[in-house]
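# Structural features, examined
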Amino acid sequence: MLLKFALRRLAGAVPLLLLVSVVVFALAKQMPGDGLGGGLNPGNKDPRYVAEMREKLGYDDPLPLQYFRWVKDAASGYFGQSFLFKMPVGELIGQRLPATLLLTVLSLLITYGSSLTLGMIAGRNPGRPVDRFILTASYVTYAVPTFIAAIFAIYIFAVVLNWVPLGGTVTAAASRGLWSSLGDRVVHALLPAAVLGMFNTAAYTQFLRGEIVENSGKNYVRTAVAKGISRSSVYNRHILRNSLLPLVTFLGMDIGGLLGGSVVIENLFSYPGIGTLFVAAVSGRDYAVMMAVTLMTGFMIVAGNIVADLLYGLLDPRIRAGYNGG
Amino acid sequence: MNNSKVIRAFAPLLLVVLLLSGCSGADTSDNRGVREPSSHVTATGGEPKAGGTVTYGFPSPFKGLFEPAFYEGEDDFHVLEFITEPLFTVTGDLTTAPGIATWEESADHKTFTFKIKQGIHWQNGAELTVEDWKFALEVIADPDYTGPRFYSVEMIQGAEAYHTGKAKQISGIQVIDPYTMKVTVTAARVNTIDNLWAYPMNKSYFAGVAVKDMPNSDQVRKAPIGIGPFKVKHIQPGEFVELTRFDDYYKGKPLLDGVLYKVFDDKLIASLFEQGGVDIEQAPRDAYESLKKLNNITLMQTPDLSYEYIGFKFGHWDGKAQQIVMDNPKFSDKRLRQAMYYALDRKGIIDAFSYGLGKLVETPISSKSWAKVPEDQINRYPYDQEKAKKLLDEAGYKDTDGDGLREDPKGTKFVIHFDGMVGGANDEPRTEAILQNWREVGLDVRLNGGALKEMNTFYTAVEEDDPSVELFNGVWGLSNDPDPSGLWRENDQWNYPRWSSEENERLIREGISLKAYDREYRKQVYYDWQKLINEEVPMIFVAERETITAVNKRLQGVKINTLSNIIEPYKWWVKDSE
């Protein structure tokens, strides 16, 4: 049943992704310049070379034709050749993806780890100093724009204290092999991941606290307490489970952002992942890369939503029953 | 953003645009390593000694096309400067000179007999022969070649037929023995040697790789080899390249054990140098002030091979006829153009907004070039509001309705639109200052569309002669050879002002004529051409930009010039290697 549900949802995403691809393609092509003209790449300024390249790349063809050519290739799994990097887009994304995944997964761990802990502490002690402190801290964090937080974090932790490296995903000495250098890579991803997760941590902490405070006044809690179940057990099992539901929606969205990474954070931290690649692709008019990254992100958002729906069911049997119908 | 650099050379054409002040990575250089006693040398403390590694920084992720025939940006080129070398060198006045290869030119200037030094080794142990050079020329001329360098082989006899697939061989290339090769070109051109492709490509190393697969082959991406002083040890795509000493380098064993070429965000450059995380990097101008405060570095400065200009639109490009059409009379009065030149306080603007990092120039030939006209032979257009006003009065641009702004000679409102690019931090106030300069002499110059344009948008509008573009503030790179063809003739698509004249055409043709084989004659032609441009003012030349390279004091032996800051890196050494 669950599988069928997931598959049906995935199939429903295909037209959505197609629509996204049409919009992105049209918008990308609407941008002035094609990477060959202008001042972008002086080495390409031989008029004959520019003309030859435009022809080779099919830039002179009508837009719908260019689009269908792209769809045809994409359907067979080939996302084209990167104009900037002169290599297949799949390979290029494969190079950048591990770094981005590490960053986003780390950031999710930080976000959920700390917001669950802080939210539970605050929710169990409403009105006490510890709650006030957590609330104030999260309001402040929530109010600081990410790019400002990033600049401060870089300055304090990388420049003044020198605890973490400045930019990059790995140090030269430790770069052999993906697994053996994992520790070094985590150190590189730590600061950007923390800043990336900061905003959400603040938001989720407050959501969770609110839910816990609200739920603890409900009848089923009174019943449970009356039955003589210990206080911590009531909080950890009954209240927490019900309070997690709204967070699951966020988790869905966060999974959607896993591959897209964070364009802003990666660029601020000079962390070469998908986000920096995307920015380079847009300014260099690398259409193939732009299309592949947007589609990948779109796909992940759809997938994230499905995961969220499935998780709802796990937490709430009433929703699970709905899978059959909807 | 790489607030820096520009480009350089690009051969038969003087072409090469660049961005006003911004934008990352996509710069190109075809310069050949330079051998000249440079005045820009770091102070030497003590005797050179071997050992140690240094970090060379670059501000944007490299693309990883580590083969001279294929690379496109400066990002990849810097790595190539460490690992390989061209067969010719370029001297300080931008003349191409013999290096690994020497040549004899036939009397009709069409056949060159090249001899290369024996005993030069590739980093895989093979000896360098002319076959490797021939191979590079064939790769570039191949029908499947997708890089931008065909211009550098197209003068060879038979290259065109090879390129279109009509011939199996390039008829103009003839190998005599492993160290001797004869190249025949289609016509006598005074700058043949300057334009000819000079990087060898290891033929046996690329055996079995089709030309169309080369850009993405392991030979280019993962384990590139060259004949230079450092070899590649490990490449982390987009992040760093580890280079180690190549002991069999033909000029001698390098002093350093290795070089780490690493990508850094140049917004952090001052902190990086302070921490010692980077030893040498070309710094963005915006970091100049903060770098000057550091006492563990030396700042080296040199004019870039590029100039900033403000162009006037005289017409449009006729794509069918492949020719410019001068049909826009707006700036046809020379006095108006000259007045706008005089009205501009170029020095003040550079001092206020570019930290003084610019050298005022009035002609489009590098101030380092042998062909640069002496300053006392041209009008330097010093900042002079009175002179500007007088010229405008003479030309009939007078304020007839008393609003403080001049009307055109017919008495109608005269508004000029100005375009520029967004890039560096100061670009907006800087543009405002430029416009204010003109307003002060009564010219109503406004920012087209109310804002600076993003670079692609700017160049698209300029290139397509958008009717709203009238005055445009751009940057051009220069090639080593002073021939202005490619940018300045009536059939040049990149002649953005769409300006030319009979005299202009004549002089440019004369500069590459047979008579121009006499260096003194050629020099005089270019002096005359620069005087013509100086008088006609088809564009206002603002300045040649100065680039700065910051070098940690522990790194010794660094020289820089207009072309590069990686000159003879085998002589680099560190003072106290840890």
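How each quantity is defined
- Residues numbered from 1 in each chain as written.
- Chains lettered and ligands numbered in written order.
- Predicted model: local features only at pLDDT ≥ 70, side-chain atom pairs only at ≥ 80, totals over all residues.
- Heavy atoms only, no water.
- UniProt positions renumbered as here; feature names shortened; annotations may be inferred.
- Helix = DSSP H or I, 4+ residues; strand = E, 2+ residues; numbered from the N terminus.
- Buried < 20%, exposed > 50% of the residue type's maximum accessible area, 1.4 Å probe, protein only.
- Contact = heavy atoms within 4.5 Å.
- Areas by Shrake-Rupley, 256 points an atom, 1.4 Å probe, with all protein chains shown as cover.
- Lys, Arg positive; Asp, Glu negative; His and termini not counted.
- Charge placed at Lys NZ, Arg CZ, Asp CG, Glu CD.
- Domains from an automatic or database assignment.
- Buried area = accessible area lost by both parts, 1.4 Å probe.
- Salt bridge = Lys/Arg side-chain N within 4 Å of Asp/Glu carboxyl O.
- Polar contact = N/O pair within 3.5 Å; in protein donor to acceptor, adjacent residues only side chain to side chain.
- Nonpolar A, V, L, I, M, F, W, Y, C, P; charged D, E, K, R; others polar.

Going by the annotation in an unreviewed UniProt entry, the name recorded for chain B is Oligopeptide ABC transporter substrate-binding protein, with Paenibacillus rhizophilus given as the source organism. Listed in UniProt under the heading Sequence similarities (unreviewed entry), the comment for chain B reads: "Belongs to the bacterial solute-binding protein 5 family."

Across its full length, chain A carries 14 helices and zero strands. Sequence-ordered secondary structure for chain A, helices as α and strands as β, is α-α-α-α-α-α-α-α-α-α-α-α-α-α. Projecting the C-alpha coordinates of chain A onto the three principal axes gives extents of approximately 85 × 60 × 35 Å. Expressed as a percentage of its 326 residues, the buried residues of chain A come to 46%. The contacts of chain A with a sequence gap of at least 6 include a subset with a gap of at least 24, amounting to 71%. Summing over all exposed atoms, chain A offers an accessible surface of approximately 15500 Å²; the carbon and sulfur share of this is 71%. Positive and negative charge centroids in chain A, built from 27 and 17 side chains respectively, lie 13 Å apart.

Further remarks concern the domain arrangement of chain B. Residues and elements named next belong to chain B. In terms of domain boundaries, chain B breaks down into domain 1 (52–81 + 228–296 + 553–577) and domain 2 (304–546). In this structure, domain 1 and domain 2 have C-alpha centres spaced 35 Å apart. Taken together, the contact pairs six residues of domain 1 with 13 residues of domain 2. Between domain 1 and domain 2, the buried area comes to about 830 Å², and carbon and sulfur atoms account for 59% of it. Among the residues domain 1 hides against domain 2, the three largest losses belong to R285, D286 and T562. Together they make up 71% of the total. Connecting domain 1 to domain 2 are zero salt bridges. Summed over the shared surface of domain 1 and domain 2, the number is two residue pairs in polar contact (both at pLDDT 80 or more). Taken together, the residues that form the side of domain 1 that touches domain 2 break down as two nonpolar, one polar and three charged.

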